Amino acid sequence: MAKVMAVNAGSSSLKFKLYEMPAEQVICSGIADRIGHDDGIFEIRFNGNKIRKIVPMPNHAVGVQMLLEALISEKIINNLDEIEGIGHRIVMGGKFYSHSVLFDKEAENKIEDLCDLAPLHNKAHLVGYRAFKAVLPNVRSVAVFDTAYHQTMEPVDYIYPVPYEYYEQYDIRRYGAHGTSHQYLAQEGAKFLKGIEHPRIISCHLGSGASITAIRDYKCVATSMGLTPLGGIMMGTRCGDIDPSVMKFACEKTGKSVDEMYQIFNKQSGLLGISGISNDTRDILKASDTGDKRAILANDLFVRRVADFIGQYYVRLGGADLIIFSAGIGENVGFYREKICDAIGEALGIKIDRVLNGPLRGVEAVISTPDSKVKVVVIPTDEEVMIARDTYSILGLK
Ligand code: AMP
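Calculation rules
Residues numbered from 1 in each chain as written. Predicted model: local features only at pLDDT ≥ 70, side-chain atom pairs only at ≥ 80, totals over all residues. Heavy atoms only, no water. Helix = DSSP H or I, 4+ residues; strand = E, 2+ residues; numbered from the N terminus. Rg over C-alpha atoms; globule rule 2.2 N^0.38 Å. Contact = heavy atoms within 4.5 Å. Areas by Shrake-Rupley, 256 points an atom, 1.4 Å probe, with all protein chains shown as cover. Lys, Arg positive; Asp, Glu negative; His and termini not counted. Charge placed at Lys NZ, Arg CZ, Asp CG, Glu CD. Pairing = 2+ DSSP bridges. Core = buried A, V, L, I, M, F, W, Y, C linked by side-chain atoms within 4.5 Å. Buried < 20%, exposed > 50% of the residue type's maximum accessible area, 1.4 Å probe, protein only. Phe/Tyr/Trp six-rings, centres within 6.5 Å; stacked < 30°, edge-to-face > 60°. Axes fitted to C-alpha atoms, helices over the stretch in contact; angles between N-to-C directions. Parallel < 35°, antiparallel > 145°, perpendicular 65-115°, else oblique. Left-handed = near helix turned anticlockwise from the far one by under 90°. Nonpolar A, V, L, I, M, F, W, Y, C, P; charged D, E, K, R; others polar.

J.: What should I look at first to understand the overall build of the protein in this one?
T.: A tally of helices and strands in the protein yields 15 helices and 14 strands. Compactness check: the protein gives a C-alpha radius of gyration of 21 Å against a globular reference of 21 Å for 398 residues, within 12% of the reference. Partitioning the intrachain contacts of the protein with sequence separation of at least 6 by distance along the chain shows that 60% fall at a separation of at least 24. Element-wise, carbon and sulfur atoms account for 51% of the exposed surface of the protein, whose accessible area totals about 18,300 Å². Charged side chains of the protein number 45 positive and 49 negative; the gap between the two group centres comes to 3 Å.

Quick look at the structure:
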């Protein structure tokens, strides 16, 4: 048995989950949030207990320090030496990584070089990694890339029709994201695909960030996110795929710079931009229930984009055996699942059981009827357990 920490460091938060491996038993989990603020939040859950503190949280190192202190003071572990490995989520592995690797100096340098492609994410991951390294210098780490699973795409699925030299010289291409989640969903989906020789899966990770992946034989064939996690379907605050001319035209009309508009596409678009209310579907559903036109439009646009991508991937795969819904929206909100299935139902022969679909919240279930041409399921995603699994195996822990 070995204890392994799965870490997801963002620019202002650091989420953690400590596992007993290989049992995959969660020992504790939590978050250091609002990093950079005087009223930072530290929260840890263990053994049915929850501790929440509002404290100054100037940087990631303070969050890591609080975590390690809590592990000892709350007797979650007896000694920090019990932590034998740390797995770090890394959003951008570029063309270099098709699987997780030991987080050594070489990986650190490569991840630094890749900051260009995912500045907000990779920088934060490195800060998180270094914060752990500073206090636990002898514990080995593993880097688990969000892009790795998508490295099986063929050029026809990842090359953009811009001058080819941009791909050759600057590595401009589709990389995708959420790969760890899609891989987990494909593996979990296998239990619904017994006896099918070359299974075709369309996995829909619909959270505040959202992406859809076409999977054949458990390998990624195509995915909706692009060079960065801005591409693909519309999301909570991100616009997804739009005509690139919108950038030039909107900059000219508003007088904003490309950088400012890029921020707007990332932070003020999507469900938030259309509804003008929120990026959170809970708020949007409340408003649409009262007849708010923009909230209704936001829902319609979201459903349309997801349905269009499913249709595209159905064709790309020559059909589908399984459609998976997952992440915050996919796992919790029957409303969107039903609307999406209605939008693709006629063309693809998909029928869902409205009773089964209705009350589901965060549990695994089949929601299609027995005579549906494609099985539709909900599977709660678990990126952390994938990080823990890779860390355990790459470090050769026992
Ligand atoms: P994630 O990024 O996977 O954590 O998903 C977060 C998003 O899922 C939120 O911003 C909401 O839009 C949506 N969400 C999560 N739980 C619910 C719920 N119970 N009802 C409606 N939407 C939810």
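J.: I keep staring at the pairing of strand 3 (residues 25-33) and nothing clicks. Help me out?
T.: Sheet faces and side chains relate simply in a regular strand, where the side chains alternate between the two faces. Pairing of strand 2 (residues 14-21) with strand 3, which is carried by 7 bridges, proceeds in the antiparallel orientation. Residue Lys17 lies in a different strand from strand 3, and its bridge partner there is Ser29. In this structure, the hairpin formed by strand 2 and strand 3 is closed by a connection of 3 residues, where Glu24 is found at a positive phi of approximately 60°. Hairpin connection between strand 3 and strand 4 (residues 37-46): a loop of 3 residues separates the two successive antiparallel strands, and Arg34 in this loop has a positive phi of roughly 55°.

J.: I tried to follow the nonpolar core on my own but got confused; where do I start?
T.: For soluble globular proteins, the rule of thumb is that nonpolar side chains tend to be buried together. Residues Ile202, Leu206, Ile212, Ile310, Ile323, Phe325 and Tyr336 are the most contacted members of the largest nonpolar core, which totals 45 residues. Residue assignment for this core shows that the elements contributing at least two residues are strand 9 (200-206), strand 10 (210-216), strand 11 (219-223), helix 10 (281-289), helix 11 (293-316), strand 12 (322-326), helix 13 (334-348) and strand 14 (375-378). Considering every element that reaches this core, the biggest residue donor is helix 11, with 9 residues. Not counting chain neighbours up to four residues away, the residues in contact with Ile202 comprise Ile212, Thr213, Ile310, Tyr313, Tyr314, Leu317, Ala320, Leu322, Ile323 and Ile324.

J.: Help me out: how do you make sense of the packing of aromatic side chains in this one?
T.: Aromatic ring pairs: the centre-centre distance and the angle between the two ring planes describe each pair. Summed over the entire model, instances satisfying the criterion amount to 9 aromatic pairs. Each ring, one from Tyr164 and one from Tyr167, has its centre 5.5 Å from the other, and the planes form 55°; the classification is tilted. You can see Tyr164 and its partner Tyr167 sitting in helix 5 (residues 164-170), 3 residues apart, about one turn around the helix. Judged by relative accessible area, which is 21%, Tyr167 ranks as partly exposed. Consider the rings of Phe302 and Tyr336, whose centres lie 5.6 Å apart with planes at 85°: the pair is edge-to-face.

J.: Would you explain the environment of Val127 in this entry?
T.: Mapped onto the elements of the fold, Val127 is located in helix 3 (residues 119-135). Residue classification places Val127 among the partly exposed positions, given a relative accessible area of 38%. Along the sequence, Val127 and Asn59 sit 68 residues apart, while their C-alpha atoms lie 9.0 Å from each other.

J.: Please explain the packing of helix 7 (residues 245-254) against helix 8 (residues 258-267) as it appears in this structure.
T.: Helix-helix packing is described using two parameters, namely the angle between the two axes and the distance between the axes. Contact geometry of helix 7 with helix 8 gives a least axis separation of 10 Å together with a crossing angle of 115°. Accordingly, the angle class assigned to the pair helix 7 and helix 8 is roughly perpendicular. Between helix 7 and helix 8 lies a crossing of right-handed hand. Contacts between helix 7 and helix 8 involve Val246, Met247, Ala250, Cys251 and Thr254 from the former and Val258, Met261, Tyr262 and Phe265 from the latter. Looking at the contact of helix 7 with helix 8 residue by residue, the class counts come to 8 nonpolar, 1 polar and no charged.

J.: I'm lost on the sheet that holds strand 12 in this one. Help?
T.: Within a beta sheet, neighbouring strands are joined by backbone hydrogen bonds and run either parallel or antiparallel to one another. The strand order 11-10-9-12-14-13 describes an open sheet built from 6 strands, whose pairing is mixed. Each having just a single partner strand, strand 11 and strand 13 (365-366) make up the two edges of the open sheet. Here 7 bridges tie strand 9 to strand 10, and the two strands are oriented antiparallel to one another. Residue pairing for strand 10: Ser203 is matched across the bridge by Thr213.

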